[in-house]
Amino acid sequence: MIVHGLKINRSWFFVFLLTLNPRKGGSKMKKLFSVMVFLVMMFALGIAHAGPISPVSNPTGPFEPPISDSQTGPQCSDPGYDVTQYHMHYDDEEPNPTYKYHVGDDLNGKCGGSTDENYPLRAIADGKVVYLDEVDDDGKGKRVYIRYSFPYAPGPNDVQTFDSAYFHINGVNPSKVWWSGPGTGSTVSKGDTVAYLGGTGGWVPHLHWEAQWDDSIPLSGPESNPYQNPLTITHALKYRAPSLIVDDRRDEITYTAATGGYYTIFTMPGNAPSSTAYMEYSGERKSLKKAITAGWMENYHLAHEKDGLWYYYYDIDNNFFENGHQYAISANVSGAVLHILVPCNAYQDDRARIDMIHAVESDPRFSDIQVKTFGTESPWSLNPAWDIRWMRFKLSDGRTAYVNQVTYRANPLIRNTAYYDPDLGQWTNWQWVDWNQLY
Ligand SMILES: [Zn+2]
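What counts, and where the lines are drawn
- Every chain is numbered independently, its residues counted from 1 as its sequence is written.
- Owing to the predicted nature of the model, reporting of local features is limited to residues with pLDDT of at least 70; listing and counting of side-chain atom pairs is limited to 80 or more, with chain, interface and lining totals taken over all residues.
- When DSSP finds two or more bridges between a pair of strands, those strands are recorded as paired.
- Segments assigned H or I by DSSP are reported as helices when at least four residues long, segments assigned E as strands when at least two residues long, and all are numbered from the N terminus.
- Helix span, as expected, comes to 1.5 Å for every residue beyond the first.
- In this scheme every C-beta is placed from the backbone, and a residue whose C-beta has 20 or more other C-beta atoms within 10 Å is buried, one with 12 or fewer is exposed, and one in between is partly exposed.
- Nonpolar cores are identified as sets of buried Ala, Val, Leu, Ile, Met, Phe, Trp, Tyr and Cys residues joined via C-beta atoms within 7 Å.
- Note that contacts rest on C-beta atoms placed from the backbone: two residues are in contact if these are within 7 Å.
- For every element, the axis is a line fit to its C-alpha atoms; helices are fit only across the contacting stretch, and the angle between N-to-C directions ranges from 0 to 180 degrees.

### Side note on the sheet that holds strand 4 (residues 120–122)
Next up, step 1: Read from one edge to the other, the open sheet built from three strands follows the order 4-10-8, with strand pairing classed as antiparallel. Sheet topology places strand 4 and strand 8 (171–172) at the edges, where each strand pairs with a single neighbour.
Next up, step 2: Across two bridges, strand 8 lies against strand 10 (residues 193–196) in antiparallel orientation. Counted as the bridge partner of glycine 171 is tyrosine 196 from strand 10.

### Topic: the pairing of strand 25 (residues 386–395)
Next up, step 1: Note that strand 24 (residues 366–377) and strand 25 share seven bridges and pair antiparallel. By the bridge assignment for strand 25, phenylalanine 366 is matched with leucine 395.
Next up, step 2: Taken together, the nine bridges between strand 25 and strand 26 (residues 400–408) define a ladder with antiparallel strand orientation. The residue of strand 26 that forms the bridge with phenylalanine 393 is alanine 401.
Next up, step 3: If you look at the hairpin formed by strand 25 and strand 26, you'll find four residues sitting between the two strands, and glycine 398 has a positive phi there, around 95 degrees.

### Structural notes on helix 6 (residues 348–360)
Next up, step 1: In this model helix 6 runs 19 Å from its N-terminal to its C-terminal C-alpha over 13 residues, within 8% of the 18 Å that 1.5 Å per residue would give.
Next up, step 2: Within helix 6, eleven of the 13 residues are buried, which leaves it mostly tucked inside the rest of the structure.
Next up, step 3: Along helix 6, the positions that sit buried rather than exposed are Asp350, Arg351, Ala352, Arg353, Ile354, Asp355, Met356, Ile357, His358, Ala359 and Val360.

### Brief notes about the nonpolar core
Next up, step 1: Residues Leu121, Val144, Ile146, Tyr166, Val194 and Leu288 are the most contacted members of the largest nonpolar core, which totals 91 residues.
Next up, step 2: With residues near it in sequence (within four places) discarded, tyrosine 166 still touches Pro66, Leu121, Arg143, Val144, Ala195, Leu207 and Trp209.

### Digging into the environment of methionine 268
Next up, step 1: For methionine 268, the location among the structural elements is in the loop between strand 15 (264–267) and strand 16 (272–273).
Next up, step 2: In the structure, methionine 268 is positioned 59 residues away from tyrosine 327 in sequence and 7.4 Å away in space, judged by C-alpha atoms.
Next up, step 3: If we ignore the near neighbours within four places in the chain, the residues touching methionine 268 are Phe321, Glu322, Asn323, Gly324, His325 and Tyr327.

### Some details on the sheet that holds strand 23 (residues 337–342)
Next up, step 1: What the four strands build is an open sheet, ordered 14-23-17-18; its pairing is antiparallel. Strands at the two margins of the open sheet, each flanked by one partner only, are strand 14 (251–256) and strand 18 (284–287). Neighbour to neighbour, the strand axes of the sheet diverge by 30 degrees on average, direction disregarded.

### Some details on unusual backbone geometry
Next up, step 1: Geometrically, the link from serine 378 to proline 379 is a cis peptide bond, its omega value of -5 degrees lying close to zero.
Next up, step 2: Its identity is not glycine, yet methionine 88 carries a phi of approximately 70 degrees, on the positive side.
Next up, step 3: Positionally, methionine 88 belongs in the loop between strand 2 (81–85) and strand 3 (105–109).
Next up, step 4: The backbone of asparagine 118 sits at a positive phi, close to 70 degrees, despite the residue not being glycine.
Next up, step 5: Examined against the element boundaries, asparagine 118 turns out to sit in the loop between strand 3 and strand 4.
Next up, step 6: Asparagine 118 gets classed as partly exposed once you count the C-beta atoms within 10 Å, which come to 16.

### Observations regarding the environment of leucine 288
Next up, step 1: Position of leucine 288 relative to the elements: it lies in helix 5 (residues 288–293).
Next up, step 2: Here the alpha-carbon distance between leucine 288 and aspartate 158, two residues 130 residues apart in the chain, equals 9.3 Å.
Next up, step 3: Ignoring anything within four residues of it in the chain, the contact list for leucine 288 reads Ala153, Ser274, Ala277, Tyr278, Met279, Leu302, Ile316 and Asp317.

### Observations regarding the environment of arginine 122
Next up, step 1: The residue arginine 122 is located in strand 4 in this model.
Next up, step 2: We classify arginine 122 as buried; it has 22 C-beta atoms within 10 Å.
Next up, step 3: Taking the C-alpha atoms as reference, arginine 122 lies 5.5 Å from valine 194; in sequence the two are 72 residues apart.

Here is the structure:
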């Protein structure tokens, strides 16, 4: 097979997007700038840790939920679980205004009440225990934090690391989980039973499950309170929706790369960002870029067919595997496997909320998130090819402004955001949301 050494980038896909929606795509430079401002702010305020969060040594593969889909118990034969409160949900019935915004997901067994007590809670991937509190002396109850790292090209050192918490547990599985101070935690493997669901902290038994994307949050003390009112943009961005993280990384397709100048050709069965794809060789997992650096493959070893010609990507990690299209993979080393994680596209409300926060995070007028105002129209009456979601934000001067997010129904990874500029009295142009941005 001949691979043409032509540079291609996302521009062909932009054309596709603009055909659907006659509005502008995103500005890469602007996004980069806002992230830099955020990081500078973190250090200026002195709330970041002295060093970056230390990743787990070998980044993990696909994830699975903490409760099995087939989980039943002596009091419940209905398998699985429900997510009963979502990340960033607003609890109207919570009497204390400080505790109205929820940061994390609540998981309950299917039969309600205490019937899910002592359900085994699993490690969602290979990870490391970074904090354990077995004293039931506050509302969080007994809890354990596990750190996970996964290959992610735009992340620091080509990985993304986060800490995931299980609150209200009855206890941990001592054969898998131990911790006696920073850096001393056990390592766990995907699927290990790490803890048992409980109601410590004074709750009806459930799993409060959260994901901290930001290591500036101490794991104990008041800052680790998942609830904040008002829910500021800065606080919200420290956390992520754990169910969405798993959902994006649960379905995986794999192809063993041919060698010696041959290519393994495949047709994509779904849409997937390339930033989360990785190569696995000899037990190690690396982003595509790192796999090239390690000599496992060359840049032109990942190719994409279009109109009978094959192209490769100069910027290999910043592209998109598109449903129904043909790709080819080759390698220098025998037995290298390409892994592509295909988002399941559940939890789109969570995705939309995070998109909307990102849409205004660099606009200093926007301060707090009014999660209670979140709404959905599916399909969007003005353009039924899309779903629309909206949410109101409070501005620092007390005014409010709406943000919109639209998702293309045929490929939910294609999304745009816009917001109402209260000073100009008009909506901004639609901004394309980078599908290689994580949630
Ligand atoms: Zn909760």
